Every structure is written in structure tokens, then in C-alpha cells.
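# Summary of the model geometry
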Amino acid sequence: MQAHEQYYVSGKREQIATRLTFLLAGLGMAAWAPIVPYAKESVGADNGTLGLLLLCLGFGSLIAMPITGFLTSRYGCRTVISGGSACLAYTIPILAAVDTPVHLAIALAVFGASVGTVDVAVNIQAVMVEKDSGRNMMSGFHGLFSLGGIIGAGGVSLALGSGAPVTGVVYAVGGVLIILLIFAYHGLLTYGKPEQDKTPALAFPKGIVIVLGLLCFLCFMGEGAILDWSALFLVSNHGVEQASAGLAYTAFAVAMTIGRLLGDRIVSHLGGQRVVLFGGILAASGFATAFFTDNHLIVLAGFALVGAGLSNIVPVFFTAAGRQTVMPASLAIPAVFTLGYAGILLGPAIIGFIAELWSLSFGMLLLAIFMGFVGVVGPLAARVR
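These remarks concern the structure in this document. Just so it is clear, the model here is predicted, and its values are computed rather than measured. (Residues numbered from 1 in each chain as written. Predicted model: local features only at pLDDT ≥ 70, side-chain atom pairs only at ≥ 80, totals over all residues. Heavy atoms only, no water.)

## Some words on the overall build of the chain
Stated precisely, the cut-off is as follows: In this text, helices come from DSSP runs of H or I with a minimum length of four residues, and strands from runs of E with a minimum of two, each type numbered from the N-terminal end. Put simply, the radius of gyration uses C-alpha atoms, and a globule should come to 2.2 Å times the residue count raised to 0.38. We call a residue buried when its accessible area falls under 20% of the maximum for its residue type, exposed when it is over 50%, and partly exposed in between, using a 1.4 Å probe and counting protein chains only. Residues are treated as being in contact if the distance between any of their heavy atoms lies within 4.5 Å. Areas reported as accessible are Shrake-Rupley estimates using a 1.4 Å probe. Residue values count occlusion only from the protein chains shown. We treat Lys and Arg as the positive residues and Asp and Glu as the negative residues; His and chain ends play no part in the count. By convention, charge coordinates are those of NZ in Lys, CZ in Arg, CG in Asp, or CD in Glu.
If you tally the helices and strands in the chain, you get 15 helices and zero strands. Relative to the globule expectation of 21 Å for 385 residues, the C-alpha radius of gyration of the chain, 20 Å, shows essentially globular dimensions. Taking the principal axes of its C-alpha atoms as reference, the chain extends roughly 55 × 45 × 35 Å. Evaluated residue by residue, the chain yields a buried proportion of 54% over its 385 residues. Sequence-distant contacts in the chain: of pairs separated by 6 or more residues, those separated by 24 or more amount to 86%. Of the roughly 15700 Å² that the chain leaves accessible, carbon and sulfur atoms contribute 68%. Computed over 17 positive and 16 negative side-chain charges, the separation of the two mean positions in the chain equals 15 Å.

## Observations regarding the pattern of salt bridges
Opposite charge on two side chains allows them to pair when their charged atoms are near. To keep things clear, this is the line we draw: Only one rule defines a salt bridge in this text: a Lys or Arg side-chain nitrogen within 4 Å of an Asp or Glu carboxyl oxygen.
As enumerated under the stated definition, the model contains one salt bridge in all. The salt bridge involving glutamate 14 is made with arginine 13; its shortest N-O contact spans 3.5 Å.

## As for the nonpolar core
Rules: The definition of a nonpolar core used throughout is a set of buried Ala, Val, Leu, Ile, Met, Phe, Trp, Tyr and Cys residues joined through side-chain atoms within 4.5 Å.
Of all hydrophobic cores here, the largest spans 121 residues; its most connected members are Trp32, Tyr249, Phe303, Leu310 and Phe317. Residue contributions to this core peak at 16 residues, all from helix α8 (residues 208-238).

## A closer look at the environment of glutamate 241
With respect to the secondary-structure elements, glutamate 241 resides in the loop between α8 and α9 (247-261). Looking at glutamate 241, the relative accessible area reads 59%, which means it is exposed. Here the alpha-carbon distance between glutamate 241 and alanine 231, two residues ten residues apart in the chain, equals 9.5 Å.

## Focus on the state of the cysteines
Disulfides are covalent bonds that connect the sulfur atoms of two cysteines. Applied cut-off: Pairs of cysteine sulfur atoms within 2.5 Å are what we label disulfides.
Under the counting rule described, the total for this entry stands at zero disulfides. Of the cysteine sulfurs around cysteine 77, a residue in no disulfide, the closest is that of cysteine 87, at 18 Å. Judged by its relative accessible area of 0%, cysteine 77 falls in the buried class. Cysteine 216 provides the cysteine sulfur closest to cysteine 219, a residue in no disulfide bond, and the two sulfurs are 6.1 Å apart. Residue classification places cysteine 219 among the buried positions, given a relative accessible area of 2%.

## Looking at helix α15 (residues 360-382)
Keep this limit in mind: To estimate the expected span of a helix, subtract one from its residue number and multiply by 1.5 Å. Bend at a given residue is defined as the angle between two axes, one fitted to the seven residues that end at that position and one fitted to the seven that begin there.
Given a rise of 1.5 Å per residue, 23 residues ought to cover 33 Å, and the 31 Å separating the end C-alpha atoms of α15 matches this to within 8%. Of all bends in α15, the biggest is about 35 degrees, found at valine 376, and the proline proline 379 comes one to four residues later.

## Topic: helix α3 (residues 47-75)
For α3, with 29 residues, the first-to-last C-alpha span of 40 Å sits near the 42 Å given by 1.5 Å per residue. One or two positions beyond α3, positive phi appears at glycine 76, with a value near 95 degrees.

## Here we look at the side chain of threonine 293
Selection rule: Two N or O atoms form a polar contact when they lie within 3.5 Å of each other; inside protein one atom must be a possible hydrogen donor and the other a possible acceptor, and for residues adjacent in sequence the pair counts only when both atoms belong to side chains.
In this structure, threonine 293 sits in the loop between α11 (272-292) and α12 (296-310). Exposure remark for threonine 293: the relative accessible area of 15% places this residue in the buried category. Reaching out from threonine 293, the side chain makes a polar contact with the backbone nitrogen of asparagine 295 at a distance of 3.2 Å.

## Notes on the environment of leucine 215
The residue leucine 215 is located in helix α8 in this model. A residue is classified by how much of its surface remains accessible, and leucine 215, at 3% relative accessible area, is buried. Taking C-alpha positions, leucine 215 is 33 Å from tyrosine 90, a pair spaced 125 residues apart along the chain. Excluding anything up to four places from it in sequence, leucine 215 contacts Phe317, Phe373, Val374, Val377, Gly378 and Ala381.

## With respect to empty space enclosed by the protein
Threshold: In this analysis a 1.4 Å probe is tested at points of a 1 Å grid over the protein atoms alone, and where it fits but cannot get out there is a cavity; an open set with protein on both sides within 12 Å along at least five of seven lines is a pocket; lining residues have an atom within 4 Å of a point. Grid points are joined across faces, edges and corners, and a volume is the space filled by probe spheres set on the points. Polar here means any residue other than Ala, Val, Leu, Ile, Met, Phe, Trp, Tyr, Cys and Pro, which are nonpolar, and Asp, Glu, Lys and Arg, which are charged; Gly is therefore polar.
Per the counting criterion, the structure on display carries five cavities of 30 Å³ or more. By volume, the largest cavity is sized at about 60 Å³. Forming the walls of the largest cavity are Cys219, Phe220, Glu223, Met256, Arg260, Leu310, Ser311, Val314 and Pro315. Looking at the lining of the largest cavity, the element that brings in the most residues is α8, giving three residues. When its residues are assigned to classes, the lining of the largest cavity shows six nonpolar, one polar and two charged.

## A word on the environment of alanine 86
Among the secondary structure elements, alanine 86 is positioned in helix α4 (residues 77-97). For the pair alanine 86 and serine 114, spaced 28 residues apart in sequence, the C-alpha separation works out to 8.5 Å. Other than its neighbours up to four places away in sequence, alanine 86 contacts Ile178 and Leu181.

Structure (C-alpha cells):
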């Protein structure tokens, strides 16, 4: 029997499972941020080499994402999410254990593929669960992803700061991911789409869809830079101890979580165009603050500004992708998502090259310019009908 023939209406159990898997995805991804300095030191990599290694993470995820759509349609969300989550839990300890660049490259590729698989599959589940609920739930789901980021980055940073060995910490993270998966398992959908979908699995974006995708790319590039480079920025530019450097991503994630949880009200009150304008200005100001100040506490405040600014821009762009008429929404939204997601994976590698050629501070300034561009151009794209 095909997956779409097994369709049934999801309920409360499925909603809870969706929240748990978003929490799992955010925690697993963010736990990498405080580990970056340890992994870099373990393999003896410079900024340029680390940039290449992070590119492996991006390629792994980008390869897995389109395949995930096919696998989820064929085998269901439960199978794909379970497999991806188990692989993610297994890979995180390996990231802290490898001692050569080649081994780290392989581990990052697998880690990236796991992250991409889980992220796409849980969003597929979220779309169907939200539709069945008859109410807007997507901001809440993504808020749980951000909360996972706080727990992942903040929890690992606090554990390392208290003197816990990095090996024990990463195994604990893997264990937490497995526990979350166990609690969510029976609420994960056994199908990948509610009905027979005759649209093609892949399509090249065009017109306004490309513009929205590129704007999302820049937003996710900023988010990826915070994830992979903020800890090193505090260590190398401000002399912060490695064990505390993960607080940079924590400040970002806290502000983004609050912004997302309040997102529906904010967009309703201000309108999508103003949210993009003000969000771009806030994010640009945050990165500029990191470039100009010498005080690491002010840098943390700057990263919080970035999180607040970026929190609701991408959801506005996704709404615009659903409204445009150049492509069917069922093709436009995945295309914008894929283009945007490339930013969080490929963007940090680009920042690594910039850091090697000039400096990591210059990379922060460049990101401020990119966010300003989003704030100027984004409102025009968000008004599409």
C-alpha cells in the first residue's frame, strides 16, 4: 500500500511529536557550536581549512535534502525522522573524537546529511499536522527548534565551563536526542503526504521565487555564521575562554526564540514588509556592533540583536512564496527553502575564506552589509501578490 493511501487525520499526539522533533533538530544542530573550537584544535586546522571542512557539512546536507523528500513520500515521516535522528545522535560524539582533517570532513558530511534529513522531514510532518489542526502552528514549531538551540548551545557551554570532559558532554547530547526520539516516535506520521501528489519532486525556481530564495540565503548565511563562527570570534578576537564561547550562539538563540514565539502577533501588528525592514536593520546593527566594539559583552548583545532581527524575516518570505503566482506554492516553498537553507550550510564556509584572506572581523562587517541589503530589498519582495 502506498504512503498516501494510509493517510489519516493527525491529532494531539502528532502535534506533540512534531514539537519534540523540532526540539530535537534544534538541539542536535546547535550542540555543534560550542564544540567547534575543540574540533578545530584537535585536527590542527586554521581558519581556511576549517572553512573547507564546514563546506563538507554543507554538501552533506544539500545532497540529503532533495533525497529526503522522495524517501519521506515513499516510507513516511516516522521512518525518515527516526533514521536521521539516530544518525545525528551517533555522529555528534564522533565530531569531538576525530583527530585528522580527513576524518573530521567525513564526520561533518554525515552530520550535515543527518541535519538536512531531519530538518526537511520534520517540516514535511509539520505542514500536514498544521493543516489537520486547522490553525496556525508553524511559528510555535520553529520556536521549539530555537529553544532546542538554546538548550544545545547553552547546555553544552555550561557543561564544558563547569569542567565536564568534552567526550562525556557529547555522549550526553547523543543520549538526549535518542530519548526525545523515543518519546516522539509513536506520534510521527507513517506517511509522507496526505494524498497523491502529481507535481514533480523537483523544479527549478524562477522569477520572484529566485529573489525570495536568495534573500533567504542571506538570512540563513547570517544564522550559519553565528552557529559556526561566533564561538571562535569570541575566542580569537576577544580572548574569551573556549568553555564560555558558546554563549555567543546562546544569546542569538534566546533572542530568536522570543521573536519567533511572538512572531504571529508581531507580523499581524506591523505587517510583513515592516517586519522585514526593521528586522534587517536590527540584524545589520548587530553584526556591525560585533565589528566595531572591543567589549565581548557588547558583542553578545550584538548577536542577540541579530537573532531578534532575523527571527521573523524568513517566515514572511515563506508566506510571500505561498502567495506568488509564478510557480505553484507546492513547488515554490520547497525551492525557497532549499535556496535559503544553502546559506546556513555554505555561508559559514564563505566566512572562513574571508577570515583567512582578511579577518573574521571583516566577515562580520560583510554580514552587516548583507543584512542591510535584506532590509532594503526584502520589503519589496514581501509585498508580492
